[in-house]
Amino acid sequence: MAQRIKTNIKFHKGLDKAADKIYGFVTKSNKSWRGCNVTDEKKKIVFVDPAIEPNIIPNMLYKCSLVPMRNDQGFIAKSATLIQFPGTISTVCRKNVFVVSVKFGNKVFIYDPASKDRRKRDIKSIADALRVRMDLLDAQTVTEDFVNNACMIKRLYEQSQSHV
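Residues numbered from 1 in each chain as written. Predicted model: local features only at pLDDT ≥ 70, side-chain atom pairs only at ≥ 80, totals over all residues. Heavy atoms only, no water.

A. Region of the structure containing the side chain of Asp112. Secondary-structure assignment places Asp112 in the loop between strand S11 (107-111) and helix H1 (118-121). Buried charge without a partner: Asp112 forms no salt bridge, and the closest opposite charge is Lys120, 6.4 Å away. A polar contact is formed between the side chain of Asp112 and the backbone nitrogen of Ala114, at a distance of 3.0 Å. If near-sequence neighbours (up to four positions away) are discounted, Asp112 is found in contact with Phe98, Val99, Lys120 and Arg121. (Helix = DSSP H or I, 4+ residues; strand = E, 2+ residues; numbered from the N terminus. Buried < 20%, exposed > 50% of the residue type's maximum accessible area, 1.4 Å probe, protein only. Lys, Arg positive; Asp, Glu negative; His and termini not counted. Salt bridge = Lys/Arg side-chain N within 4 Å of Asp/Glu carboxyl O. Polar contact = N/O pair within 3.5 Å; in protein donor to acceptor, adjacent residues only side chain to side chain. Contact = heavy atoms within 4.5 Å.)

Structure (structure tokens):
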């Protein structure tokens, strides 16, 4: 049996003329394989086994088990498990800074009632975006905690502005 390789990969959809093909890339680094971008130079393609392909969501990070293709031009992902990151919420309230941030994986969502960017001031849209994140572990609880913190920060911010 071929050697299985374990690594994390983000898959994409639509390769060249095969619009429904799901694929990713890996590169060898320090004698082990790791997921990489399409722009990396020394890379090999990874296709998803048709048996697990319906479960793959493009642009999400998966923990995969790969087997080499017979022609040695790439790999086939035989198993893929969606990686979910725990969310951490941090709240800052000092010296005219009122911010709530939610961090998970490499993502950061920020609520800042003083921001000029409307997206950072809208608690509902941030909560809606968090609630549907498949890569956020326990998204519902994290979203509730975010909303509670953001509402508290919003009240404190509004109180600070009324005293100016």
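After that view of the structure, there is still more to cover.
B. Fine view of the state of the cysteines. On inspection of all chains with the given rule, the structure shows zero disulfides. We note that Cys93 lacks a disulfide partner, and the nearest cysteine sulfur, in Cys151, lies 14 Å from it. Given a relative accessible area of 41%, Cys93 falls into the partly exposed group. (Disulfide = S-S within 2.5 Å.)

C. Molecular detail of helix H2 (residues 123-131). Looking only at H2, the buried set comprises Ile123, Ile126, Ala127 and Leu130. Axial view of H2: buried residues confined to an arc of 100°, hence all on one face. Elements that come into contact with the buried residues of H2 comprise strand S10 (97-104), S11, H1, strand S12 (136-137) and helix H3 (139-162). Between the side-chain oxygen at the start of H2 and the backbone nitrogen of Lys124 there is a gap of 3.3 Å, and the oxygen is on Asp122. (Arc of directions from axis to C-beta.)

D. Representation of the sheet that holds strand S9 (residues 88-94) in the model. Taken together, three strands build an open sheet; the order of strands is S9-S10-S11 and the sheet is antiparallel. The sheet is open, and its two edges are formed by S9 and S11, each paired on a single side. Adjacent strand axes in the sheet meet at a mean angle of 20° when their direction is disregarded. As judged from the seven bridges shared by S9 and S10, these two strands associate in the antiparallel manner. When the bridges of S10 are listed, Ile89 appears paired with Val102. Docked against the sheet, H2 engages S10 and S11, running at close to 155° with respect to S11. Relative to S10, H3 is tilted by about 170°, and along the sheet it contacts S9, S10 and S11. (Pairing = 2+ DSSP bridges. Axes fitted to C-alpha atoms, helices over the stretch in contact; angles between N-to-C directions.)

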